Amino acid sequence: MNQFGMDFVDICLDLHNSEGYEDNIQTEYERKFSPYGPIYRLESKFKGD
């Protein structure tokens with residue numbers, strides 16, 4: 001993403017067990033794949049936005 005002029009805003013390596021994400025609405029895919037490991041979350045934005 002850095003190659004395309006983007007900055008990382010927020011990175012979470014375990015969405016369901018980290019503070020600050022209590023209001024996350026769990027998707028069907030999160031329910032399906034949670035038993036196999038943590039769900040990651042990445043938020044990015046274009047530089048200058």
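This text goes with the structure placed above it.
Residues numbered from 1 in each chain as written. Predicted model: local features only at pLDDT ≥ 70, side-chain atom pairs only at ≥ 80, totals over all residues. Heavy atoms only, no water.

Examining the pattern of salt bridges
Counting across every chain of the model gives two salt bridges. Measuring nitrogen to oxygen at the nearest pair gives 2.7 Å for the salt bridge that ties Arg 41 to Asp 10. Here the residue Arg 41 occupies a position in strand 2 (residues 41-46), and Asp 10 occupies one in strand 1 (residues 6-12), the gap between them amounting to 31 residues. Measuring nitrogen to oxygen at the nearest pair gives 3.3 Å for the salt bridge that ties Arg 41 to Glu 43. Classification of Arg 41 as partly exposed rests on a relative accessible area of 30%. (Salt bridge = Lys/Arg side-chain N within 4 Å of Asp/Glu carboxyl O. Helix = DSSP H or I, 4+ residues; strand = E, 2+ residues; numbered from the N terminus. Buried < 20%, exposed > 50% of the residue type's maximum accessible area, 1.4 Å probe, protein only.)

Things to note about a nonpolar patch on the surface
Together, Met 1, Phe 8, Ile 11, Leu 13, Tyr 40 and Leu 42 make up an exposed nonpolar region whose accessible area comes to about 650 Å². Using a relative accessible area of 42% as the deciding quantity, one classes Met 1 as partly exposed. (Patch = residues over 30% accessible without salt bridge, like charges linked within 9 Å, V, L, I, M, F, W, Y side chains within 5 Å. Areas by Shrake-Rupley, 256 points an atom, 1.4 Å probe, with all protein chains shown as cover.)

As for the environment of Gly 37
By the element assignment, Gly 37 lies in the loop between helix 1 (28-33) and strand 2. Judged by its relative accessible area of 26%, Gly 37 falls in the partly exposed class.

Here we look at the packing of aromatic side chains
A full pass over the atoms with the stated rule returns one aromatic pair. When the centroid spacing of 6.5 Å and the interplanar angle of 5° are considered together, the rings of Tyr 29 and Phe 33 count as stacked. One end of the pair, Tyr 29, and the other, Phe 33, are both in helix 1, four residues apart, so they sit about a helical turn from each other. (Phe/Tyr/Trp six-rings, centres within 6.5 Å; stacked < 30°, edge-to-face > 60°.)

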